[in-house]
Amino acid sequence: MERKELVSRVEEIYKEILEVDAITLSDEMTANDVEGWDSLTHSLLINQVQKEFEVKFKLREVISLKNVGELFNLIESKLA
Amino acid sequence: MSLDSVLFLIGFIAFLILYYLIRSKTGRKGLLLAASALFIAYADIDFLIIAMLFAFINFTLGKSMSTSVSEKKKRIIYITGIVLNILGLALFKYVDFISLNLNEFLFDGRATLPYLNVILPLGISYYTFQSIGYLFDVYHENDDVEESFLDFSVFLLFFPKFAGGPIERGYNFLPQLKDSEAQLFETSNFKSGLRLFTWGLFKKVVVSTALWKLIGPAYADIGSFHGISLIMVAFIYPFQIYAEFSGYTDMALGAARMMGLKLSPNFNAPFTATSISDFWRRWHISLSTWVSDYIFTPLSMKIALAKDWGKMGIIIALSSSFLILGIWHGAQWTYIAFGVIQALFISYEIMTRKQRGSWKKKSNPQFYERSSNIITVSLYALSCIFFGVKTMSDGFLFFQQMFSGIGESVLAAIKNEELARQHIMYMGMDSSVLLKALVLFGLFMWIQRWIDNKGMDTLLDEQSTLTRWASYYAIVAMIFFNSNEAVSFLYGTF
C-alpha cells in the first residue's frame, strides 16, 4: 500500500473518532496539534486503526509512539 | 518541616549561599542530597532511611533492567519493581484501612486481622509514584536509565518537592542535574524563583489561612450549620485548597528555580475549565498526567488492543484511574467517593460528547462557555465535599444539611434576629473574618488571573519600579503579619 493511501485511510478514522469534518495529518503532528485528540480518544483511534488495517499492535509499540509519522511507520511495518 | 516555616526559610538561605559557593557539579549534587536528607530526617530519621531504601531499590532495578539482554528477564524486573513500590506504599498507607474494613464487614468489628499502626512516611506517596513512572519509562524506552545513584537519589529526595510534589518525571528532572549550564547562577532565574516563592508563600500563609478560618468551623461541626452557610462553605472550599496547594507548588517551583532547576507545573487556571475533563487537565496536573500516562493509557490501550469495547473500554479504564487517583490521597472512603464522582462526571462527558458538540454549535459561544464554566466549577465544588470530610456519614450529613432550610436561613439572615446573620453568613464569627477572607480571596484570584494570562515575570516587569516595589512590600508585609496563623498543609499528609 502506498503511503498516500495509508494516510488518507488513517485520516478517515480520525475524522470519524474525533467527529470533525476534515483533517489533514502530517508526519510531525502530535496530539497537541489536533483538537479533541486527547488520552480519552487516543485508544479509540488505535483500536479503529487496528481494525481498519487488520493488524495487531503491542502495548509497548503504541506507548512509545511520538507523532503521527511514527504511527504510519508502525502500520507499514505491520503490513510489510 | 514545611516550606513556609521560619526554620526552612533560614536554612534555605544558608543552603543557597553554599550551593552557589560550590563550583563542582558533583559537589552541588552532594549538597542537594545532604540538604534533602536533613529536611527529611528533621521530620523523622526513619523517613529518611525508608526513602533512601526506595531510592536504592529503584535505582538498582532500573540498572539491572537496562543491562539484561533477555526480554523476559527485563519484564520480570520491571514487574517486580512495580509490585515492590505498590506493596511498599500499601504497607504504610493502606494495610490498616483494609484490615479495619475487613474486620468490620467479615468479623463483626473484632480485630481478627491485625493492625500495623505504622506512621505514614513523609513523601512516600510522591516518591513511590515517581519511581513507578521512572521504571515504566525505562522499560518502555521512553527514558534512559540513570547511571548515577547520587543523581537518582536527588531526583527522588529533592527537598522542595519531597513532601508535597509536584510528582516529577525522571526524563524532566535527571538531565538537568547533568547540565552544567542549568546550574549556573543566573540573576533572572533567581529573581523569577524568588518572586514565585514569595507569591506561593502569600497564597498559602495569607489567603488559604483566611479562607480556612472562615470555613474550618463548619467542617469541624457540620451538624450546627445548614442552608446558605454550608453552600458558601462548599463553594469556598475548592478555592481554599487551590490557594493552599498552588501556593505550596509555587514555593517548590520557586525554590527549585532559584537553584536553576525546573520542576513541572501543577496548575493552569483550573477555575476557567469548561468541563470536568478540562478541569483535570488544569488541576494537580502532575498527578492527573501521571495517572493518565501510567494507568489510564496502558489500561485503555490494553483493552483497545485486545477487545473492541469502544467507549465502554475507555470508561472502564477511566473509572479505574480515577479510583486510584482518589485513593492516592489517603486510606479513606471519602477519597474513594471523590474519585468515583470524578469518574462519573467524565464518563457522562464521554457518552454525551457528540450531543454537547451540537449544543455548542447551536448556542451563543460566549454563553455556552460561561455556563459550562459555572456548571463545571459547581460540580467540582460539590464533589469536593467528600474531599473535605473525614467520613462518608459526614459527607452525607453535609449534603443533607446543605439542602435543608435554605429559605429559612435566607429569611433569618434578612431579619437578623438573635445574631442570625452572624451565624449564617459568618459561621458565627465576627464579620471582619468574612470581610478579610473575601478581600484576600478577590485580590488573590484577580492577581492570579493576570499571572495565568501573562506570566508573573512579564507582568511584574511591565510595571513601574514604584508599583513593583510597592507590591513586593505589600505582599511581604501581609505574609509577615499573618505568619503566626498559618494552618497545616493538607497535601503534605498524603
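Being a predicted model, the structure only gives us computed values, none of them experimental.

Draft legend 1. Highlighting the overall build of chain B. Helix and strand content of chain B: 24 helices and zero strands. By the compact-globule yardstick of 23 Å for 494 residues, chain B fits well, its C-alpha radius of gyration being 24 Å. Across its three principal axes, chain B shows a C-alpha extent of roughly 75 × 60 × 55 Å. With 494 residues in all, chain B has 52% of them scored as buried. Within chain B, residue pairs in contact and separated by at least 24 positions form 75% of the contacts whose partners lie at least 6 positions apart. Counting only carbon and sulfur atoms, one obtains 66% of the accessible surface of chain B, whose full area is about 22700 Å². For chain B, the centre of its 40 positive side-chain charges and the centre of its 36 negative side-chain charges are spaced 6 Å apart.

Draft legend 2. View of the packing of aromatic side chains. Residues and elements named next belong to chain B. Using the criterion set out here, one finds 63 aromatic pairs over all chains in the structure. Arranged with centres 5.4 Å apart and planes meeting at 15 degrees, the rings of F8 and F12 form a pair that is stacked. A residue pair is termed a helical-turn pair when its members lie 3 or 4 positions apart in one helix, as F8 and F12 do in helix 1 (residues 6–21) at four residues. In this structure, F8 and F12 share a single accessibility class: buried. Centre to centre, the rings of F129 and W328 are 6.2 Å apart; their planes meet at 50 degrees, and the pair counts as tilted. Linking F129 in helix 6 (residues 124–139) with W328 in helix 14 (residues 311–328), this pair joins segments that are 199 residues apart in sequence. The same class applies to F129 as to W328, namely buried. The lysine or arginine in question, K161, covers the ring of F173, its NZ or CZ lying 5.9 Å from the ring centre. The aromatic ring of Y242 is capped on one face by K203, whose charged end is 5.9 Å from the ring centroid.

Draft legend 3. Summary view of a nonpolar patch on the surface. Residues and elements named next belong to chain B. Nonpolar side chains collect at one region of the surface, where I98, L102, F105, L106 and W333 lie side by side and expose about 550 Å² of accessible area between them. Examining the composition of the nonpolar patch, we find that four residues originate from one element, helix 5 (residues 95–106), more than from any other. Along the chain, the position of W333 falls in helix 15 (residues 333–351).

Draft legend 4. Up close: the environment of H423 of chain B. All names here are of chain B. Assignment of secondary structure puts H423 in helix 21 (residues 420–425). Taking the C-alpha atoms as reference points, H423 and A331, separated by 92 residues in sequence, lie 34 Å from one another. Those residues in contact with H423 that lie beyond four places of it in its chain are S224, F225, S229 and G428.

Draft legend 5. The arrangement of the pattern of salt bridges in detail. All names here are of chain A. Applying the stated criterion across every chain yields a total of 19 salt bridges over all chains. Of the charged contacts in the structure, one is a salt bridge between E12 and K15, with a shortest N-O distance of 3.2 Å. Placement of both E12 and K15 in helix 1 (residues 3–18) is noted, with a separation of three residues, approximately one turn of the helix. By relative accessible area, E12 is classed as partly exposed at 46%. What makes K15 partly exposed here is its relative accessible area of 25%.

Draft legend 6. Just the packing of helix 2 (residues 39–53) of chain A against helix 14 of chain B, in detail. Direction vectors running N to C along helix 2 of chain A and helix 14 of chain B enclose 135 degrees, while the axes themselves pass 10 Å from each other. By the criterion of interaxial angle, the relationship of helix 2 of chain A to helix 14 of chain B is oblique. Two packed elements cross with a definite hand, and for helix 2 of chain A against helix 14 of chain B that hand is right-handed. Residues L40, S43 and L44 of chain A of helix 2 of chain A pack against K311, I314 and L318 of chain B of helix 14 of chain B. Looking at the contact of helix 2 of chain A with helix 14 of chain B residue by residue, the class counts come to four nonpolar, one polar and one charged.

Draft legend 7. Here's a closer look at the layout of surface pockets. Residue and element names in this part refer to chain B. Size it by volume and the second largest pocket reaches roughly 960 Å³. Of all the secondary-structure elements, those providing two or more residues to the lining of the second largest pocket are helix 1, helix 10 (187–220), helix 22 (431–454), helix 23 (456–462) and helix 24 (465–482). Sorting elements by how many residues they give to the lining of the second largest pocket places helix 24 first, with twelve residues. For the lining of the second largest pocket, the per-class residue count stands at 24 nonpolar, six polar and four charged.

Draft legend 8. A look at helix 24 of chain B. Residues and elements named next belong to chain B. Along its 18 residues, helix 24 runs 26 Å from first to last C-alpha, staying within 8% of the 26 Å computed at 1.5 Å per residue. Inspection of helix 24 places R468, I475, I479 and N482 among the buried residues, and these make up the whole buried set. One face of helix 24 carries all of its buried residues, which in axial projection span an arc of 85 degrees. Across helix 24 from its buried face, at more than 90 degrees, point the exposed residues T465, L466, Y473, F480 and F481. Taken together, the buried residues of helix 24 touch helix 10, helix 22 and helix 23.

Analysis parameters
Residues numbered from 1 in each chain as written. Chains lettered and ligands numbered in written order. Predicted model: local features only at pLDDT ≥ 70, side-chain atom pairs only at ≥ 80, totals over all residues. Heavy atoms only, no water. Helix = DSSP H or I, 4+ residues; strand = E, 2+ residues; numbered from the N terminus. Rg over C-alpha atoms; globule rule 2.2 N^0.38 Å. Buried < 20%, exposed > 50% of the residue type's maximum accessible area, 1.4 Å probe, protein only. Contact = heavy atoms within 4.5 Å. Areas by Shrake-Rupley, 256 points an atom, 1.4 Å probe, with all protein chains shown as cover. Lys, Arg positive; Asp, Glu negative; His and termini not counted. Charge placed at Lys NZ, Arg CZ, Asp CG, Glu CD. Phe/Tyr/Trp six-rings, centres within 6.5 Å; stacked < 30°, edge-to-face > 60°. Lys NZ or Arg CZ within 6 Å of the ring centre and 35° of its normal. Patch = residues over 30% accessible without salt bridge, like charges linked within 9 Å, V, L, I, M, F, W, Y side chains within 5 Å. Salt bridge = Lys/Arg side-chain N within 4 Å of Asp/Glu carboxyl O. Axes fitted to C-alpha atoms, helices over the stretch in contact; angles between N-to-C directions. Parallel < 35°, antiparallel > 145°, perpendicular 65-115°, else oblique. Left-handed = near helix turned anticlockwise from the far one by under 90°. Nonpolar A, V, L, I, M, F, W, Y, C, P; charged D, E, K, R; others polar. 1 Å grid on protein atoms, 1.4 Å probe; cavity = no way out; pocket = protein on both sides within 12 Å on 5 of 7 lines; lining within 4 Å. Points joined across faces, edges and corners; volume = space filled by probe spheres on them. Expected span 1.5 Å × (residues − 1). Arc of directions from axis to C-beta.

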